[in-house]
Amino acid sequence: MKYHLVQIDSGDENGESTMSKFIPAEPFDLVIFGGTGDLAKRKLLPALYHRDADGQLGEGSRIIASSRKDLTREAFQAMARTALCEHLPDRDFNEDTWARFADRLHHHRQDVTASEGWDGLQALLANDPGHIRVFYLATLPSLYGPAARNLSAAGLAEPSSRIVLEKPVGSDFDSARTINDEVGEYFSESSIFRIDHYLGKETVQNLMALRFANALMEPLWRGSAIDHVQITVAEQLGAGGRAAFYDRTGTLRDMLQNHMMQLLCLVAMEPPARMNHEDIRGEKIKVLRALRTITPQTVERATVRGQYTSGAVDGELVAGYLEELEGQASSTETFVAVKAEIDNWRWAGTPFYLRSGKRLAGKFSQIVIQFRPIAHSIFPNDAGSLQPNRLTIRLQPDEGVELSVMTKVPGPGEFKMHPLPLDLSFAEAYDKGYPDAYERLLMEVLRGDPALFMHRDEVECAWNWIDGIIDSWASKNMPAQPYVAGTWGPTDAVRLLDRDGREWFHPDV
Ligand code: BG6
């Protein structure tokens, strides 16, 4: 059953448009370090191209890819064109937009770790002193500190300049703090934009609307009404070409510490007083601080680590993780499940089960709010079992919200009950697709709005909790259990919930 809600083009009852408007950015110079790398090709260039197609990039704005490669401007433009043709949907590429976009593209050779040789970039940027200046570090996190220092020494880190850091910021609390200190020495906190691209996803922002723009949610949004919460980010892709990076990182650091912790915070936080970044950040930090520490005594019952072996994903035989590493030994996890407990008044006794993995049976991200059973049934025993309500927030794909409700099966005979979904598909209701998260985030950097970015305190608090898991895994020498690619992870993940009399929910895939 699908709900078609609003005809948004016609405006609301006050005649106000319900379409979001494109606000053009002021002219800018965006320097991308790691500008010929995977992130730039797959995400940043396509996102900027889309915004250019919608007329959002100010006149004369420049995108300057910086790398250690010796590339002419023309060679970089050709590389960018190939990347766009590969990563944009076919119908989105057109020659007119490309001609305008190509004109913005430059390449500049620079080793970001070198203290010398910055005069070329200085000269390039000096051409347009009035432009907003953004440095995007699409590099290893270990380079963030040296890059900030070198930019400052070269006189490029002006008070109005902005710096963008990709997640993960560090690999534990100490390294994150070091990076934050190093970058913070040259850039003020308000000019540091730490990206977690989940915060740019429309459906993640919609969580705020769902919770705080609908009066029926708040009274029920608490442990007394909610049995437990499940947050799943499941992927079918393997580590593949990123295996070397992935092997140093693992799912806990790659997905849990950032994307999943942010989702947990948005579900669990108290209503902020206002929709501004200080208030929202303050509430998120309270949640992170209330998370019960996982210790060597609790880690085996509260967490699961897994690593995929070869198997069939979508009917195609794929290699196991160790084969992708060409036989190198590794105990890095490609799957993690955690039972998180939030020790505060709202959530005491209501666990949050988090899980994420690669090479699973399906690709989806969703949050499930499982409500408690009704207090007392008035129906006859043979009416069928009464299933507690369940709210499923589909972050991707098929973005939407589904609420399961008990209904009476129609008919003149005996009373029979059956659960049915109230299903709201955003794409159908709004009749439009979703921009990629990077499109929004890049525009917010250009506008200088920090609301969708992580403050250093959030990053450090999240690491603090994750460090408890990292240290406990190490002290217990906890192995990554093998699971066959194309399944839902190791059997211990099923046991994690089964012990509590619960089970994981999956969409039909
Ligand atoms: C990235 C991780 O941050 O998120 C990747 O580094 C992961 O390993 C990706 O594949 C998932 O993002 P999305 O938007 O496809 O869910």
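See the structure shown above.
Quick look at the structure, then. What you are looking at is a predicted structure, and each value in this text was computed from that prediction instead of being measured. (Residues numbered from 1 in each chain as written. Predicted model: local features only at pLDDT ≥ 70, side-chain atom pairs only at ≥ 80, totals over all residues. Heavy atoms only, no water.)

1. Quick word on the site of the ligand
Definition in use: Being near a molecule or strand, for a residue, comes down to having at least one heavy atom within 4 Å of it. Two N or O atoms form a polar contact when they lie within 3.5 Å of each other; inside protein one atom must be a possible hydrogen donor and the other a possible acceptor, and for residues adjacent in sequence the pair counts only when both atoms belong to side chains. Accessible areas in this description were obtained via Shrake-Rupley with a 1.4 Å probe; residue shielding takes into account the shown protein chains only. Strands here mean DSSP runs of E at least two residues long; helices mean DSSP runs of H or I at least four residues long; both are numbered from the N terminus.
Near the ligand the following residues occur: Lys 167, His 197, Tyr 198, Lys 201, Glu 235, Arg 242, Asp 254, Met 255, His 259, Lys 358, Lys 363 and Gln 396. A distance of 2.5 Å is found between an oxygen atom of the ligand and a side-chain nitrogen or oxygen belonging to Glu 235. For the ligand, the accessible surface in isolation is 400 Å², of which the surrounding protein chains cover 81%. Take the shell around the ligand: its biggest share by element is three residues, from helix α8 (residues 243-268).

2. Some thoughts on the pattern of salt bridges
Note the following rule: Within this document, salt bridges are pairs made up of a side-chain nitrogen of Lys or Arg and a carboxyl oxygen of Asp or Glu, the two lying within 4 Å of each other. To sort residues, take the accessible area from a 1.4 Å probe on protein chains only and compare it with the maximum for the residue type: under 20% means buried, over 50% means exposed, and anything in between is partly exposed.
This structure, assessed with the given rule, holds 39 salt bridges. The closest approach of N and O atoms between Glu 402 and Arg 394, which form a salt bridge, is 3.4 Å. In this structure Arg 394 comes out as buried when scored by relative accessible area, which is 9%. Linking Glu 444 and Arg 447 is a salt bridge whose minimum nitrogen-to-oxygen distance equals 2.7 Å. With a gap of three residues between them, Glu 444 and Arg 447 both fall in helix α13 (residues 437-447), about one helical turn apart. The class for Glu 444 is buried, based on a relative accessible area of 8%.

3. Things to note about the packing of aromatic side chains
Worth spelling out the cut-off: Aromatic rings from Phe, Tyr and Trp, with only the six-membered ring used for Trp, were paired whenever their centres fell within 6.5 Å, and each pair was classed as stacked if the ring planes differed by under 30 degrees, edge-to-face if by over 60, and tilted otherwise. Either the NZ atom of lysine or the CZ atom of arginine qualifies as a charge over a ring when it sits within 6 Å of the ring centre and within 35 degrees of the ring normal.
Tallied over the entire structure, the rule returns 15 aromatic pairs. Residues Tyr 246 and Tyr 321 carry aromatic rings whose centres are separated by 6.4 Å and whose planes lie at 75 degrees to one another, so their mutual orientation is edge-to-face. Remark: Tyr 321 occurs in helix α11 (residues 321-324) and Tyr 246 occurs in helix α8; sequence separation between them is 75 residues. You can call Tyr 246 buried: its relative accessible area is 0%. Here Trp 347 and Phe 352 contribute two aromatic rings whose centre-to-centre distance is 5.2 Å and whose plane-to-plane angle is 90 degrees, an arrangement assigned as edge-to-face. Accessibility expressed as a relative area gives 1% for Trp 347, which makes it buried. Ring pairs connect the aromatic residues Tyr 246, Tyr 308, Tyr 321, Phe 335 and Tyr 483, which therefore count as one cluster. A cation sits over an aromatic face here: Arg 305 above Trp 473, 4.6 Å from the ring centre. Positioned over the ring face of Phe 415 is Lys 408, at 5.5 Å from the centre of the ring.

Purely geometric stuff here, so don't read any function into it on its own.
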